[in-house]
Amino acid sequence: MTETILRPSPISASVDFSAEGVQHGFLRLPYSRDDSAWGSVMIPITVVRNGDGPTALLTGGNHGDEYEGPIALFDLARTLAAEEVTGRVIIVPAMNYPAFAAGTRVSPIDKGNMNRSFPGRPDGTVTQKIADYFQRELLPLAEIVLDFHSGGKTLDFLPFCAAHILPDKEQEARAFELVKAFGAPWSMKMLEIDAVGMYDTAAEEMGKVFITTELGGGGTATARSAGIAKRGVRNVLRAAGILKGAVETSKTEWLDMPDGDCFSFAEDGGLIEPLVDLGEKVRKGDVVAQIYPIARTGAEPLEIKAKMDGLLAARHFPGLVKQGDCVAVLAI
Ligand SMILES: [Zn+2]
């Protein structure tokens, strides 16, 4: 068997992960380009360490147009004091920083979708190089990993925290304990439609306790959704024994995505009329939305029917849909 020897990451950290106290710095990735010959991508990072204990790795901006995570993590990075911590907290508010700075889901540099780029490559595109640094440098430092998502510009979600069903039931149970501690209004046993290359999968395969969120969408945040994120991240750190104090408990409703019947995709594009709003219950066969062809009047709309009983957990956000778009996600 030949062994692939990977070169070192081109990314260098201006913070010392083993140092005590609070450090604000950057992950610097050299990126030579027309407007900056010896330029760099500078990814903000904060490390807070106080003695021995577990490490939590907290990330937002995996997709650049999802805002609750960055809001909660810029806030936490600014306010977390070393004395409050036992162990270490590594905060990267905007993982795919070029995408975050451009307000786009994927990187404007290479069109890289961070959450389809793992395990990454040290000699790949900018997005692959960032993924590789998380895969080989940051994930191995952590026991607990929280990666914030929301719907971005094209989806809108009920606010939930989530973990996946895993082969290792102890790892799965620890993740769902943190989901409960996060205390979002909904908590989800999440099914992925496209798990290859995901950060989630990379962390889980390394045995990490991994949780994620979907906290809204539409390419913005609300006071409510930002508040859920800010309270949730501190609750997770408390439940992990990293942050002093008790978890602020709150009521959560558990949801499950049992199989692929959760998802509905548009077979034609057009103007979408929602017939059910987020959180509303539906029965199998109910029409959750209809899509009008826009090229002519007088044509019948395409009906999007629920393939199962459940409630609407996510929906397409913009008023026009394209063929192939995910238009509705149900959960039970
Ligand atoms: Zn996302």
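The rules we used
- Residues numbered from 1 in each chain as written.
- Predicted model: local features only at pLDDT ≥ 70, side-chain atom pairs only at ≥ 80, totals over all residues.
- Heavy atoms only, no water.
- Helix = DSSP H or I, 4+ residues; strand = E, 2+ residues; numbered from the N terminus.
- Buried < 20%, exposed > 50% of the residue type's maximum accessible area, 1.4 Å probe, protein only.
- Contact = heavy atoms within 4.5 Å.
- Areas by Shrake-Rupley, 256 points an atom, 1.4 Å probe, with all protein chains shown as cover.
- Lys, Arg positive; Asp, Glu negative; His and termini not counted.
- Charge placed at Lys NZ, Arg CZ, Asp CG, Glu CD.
- Pairing = 2+ DSSP bridges.
- Domains from an automatic or database assignment.
- Buried area = accessible area lost by both parts, 1.4 Å probe.
- Salt bridge = Lys/Arg side-chain N within 4 Å of Asp/Glu carboxyl O.
- Polar contact = N/O pair within 3.5 Å; in protein donor to acceptor, adjacent residues only side chain to side chain.
- Nonpolar A, V, L, I, M, F, W, Y, C, P; charged D, E, K, R; others polar.
- Donors = N, O, S within 2.8 Å, 3.2 Å for Na, K, Ca; no water.
- Tetrahedral: all angles 85-135°; square planar, octahedral: opposite > 155°, others 65-115°.
- Phe/Tyr/Trp six-rings, centres within 6.5 Å; stacked < 30°, edge-to-face > 60°.
- Core = buried A, V, L, I, M, F, W, Y, C linked by side-chain atoms within 4.5 Å.

**Some thoughts on the overall build of the chain**
Each helix and strand in the chain was counted, giving six helices and 19 strands. Each principal axis of the C-alpha distribution contributes one length, and for the chain these read about 65 × 50 × 45 Å. For the chain, the residues scored as buried account for 52% of the 332 residues in total. Taking contacts inside the chain between residues at least 6 apart in sequence as the whole, the part at least 24 apart equals 70%. Surface exposure of the chain reaches about 15,000 Å², of which carbon and sulfur atoms provide 53%. Across the chain, the 33 positively charged side chains and the 44 negatively charged ones have centroids separated by 3 Å.

**Looking at the sheet that holds strand β13 (residues 270-274)**
Across a sheet, paired strands are connected by hydrogen bonds in the backbone, their directions being either parallel or antiparallel. The four strands lie next to each other as β16-β15-β13-β18, forming an open sheet whose pairing is antiparallel. Pairing within the sheet leaves two strands with one partner each, and these edge strands are β16 (302-305) and β18 (320-321).

**Side note on the domain arrangement of the chain**
Along its sequence, the chain is organised into domain 1 (12-256) and domain 2 (260-331). Of the residues lining the interface, 13 residues belong to domain 1; the matching set on domain 2 comes to 15 residues. Summed over both partners, the interface of domain 1 with domain 2 buries about 1,200 Å², with 74% contributed by carbon and sulfur atoms. For the domain 1 face of the interface with domain 2, the top three residues by lost area are D156, L158 and I193, together amounting to 38%. Applying the counting rule to domain 1 against domain 2 returns zero salt bridges. Between domain 1 and domain 2 we count three residue pairs in polar contact (both at pLDDT 80 or more) in total. For the side of domain 1 that touches domain 2, the class distribution of residues is seven nonpolar, two polar and four charged.

**A look at the coordination of the zinc ion**
Distances from the zinc ion to its protein donors, namely H63 (ND1), E66 (OE), E66 (OE) and H149 (ND1), fall within the range 2.0 to 2.3 Å. Relative to the metal, the four donor atoms surrounding the zinc ion lie at angles of 57 to 148°, and the coordination shape comes out irregular.

**Overview of the environment of I242**
Relative to the assigned elements, I242 resides in the loop between α6 (223-239) and β11 (253-256). Through-space distance from the C-alpha of I242 to that of V85 is 5.4 Å; in sequence the pair is 157 residues apart. When sequence neighbours within four positions are dropped, the list of residues in contact with I242 reads P54, T55, A56, E84, V85, T86, R88, V89 and L237.

**Focus: the packing of aromatic side chains**
The tally for this structure, following the rule as stated, stands at ten aromatic pairs. Site record: aromatic cluster; members linked through ring pairs are Y67, F74, Y97 and F100.

**Considering the nonpolar core**
With 34 residues, the main nonpolar core has L58, F148, F182 and I211 as its most contacted residues. For this core, the secondary structure elements donating two or more residues are β4 (55-59), α1 (68-79), β5 (87-92), β6 (144-147), β8 (160-164), α4 (169-182), β10 (209-214) and α6. Other than its neighbours up to four places away in sequence, F148 contacts T59, G60, E66, G69, A72, L73, F182, T213, L215, A229 and V233. Core analysis: the second largest hydrophobic core is formed by 32 residues, A162, L311, A313 and A331 among them.

**Digging into the sheet that holds strand β9 (residues 186-190)**
On the basis of which strands lie adjacent, the open sheet formed by ten strands has the order β1-β2-β3-β5-β4-β6-β10-β8-β9-β11 and mixed pairing. Of all the strands in the sheet, just β1 (12-13) and β11 have a single pairing partner and so form its edges. Alignment of strand β2 (residues 21-30) against strand β3 (residues 40-50), held across ten bridges, turns out to be antiparallel. Considered in β3, the bridge of G21 is made with R49.

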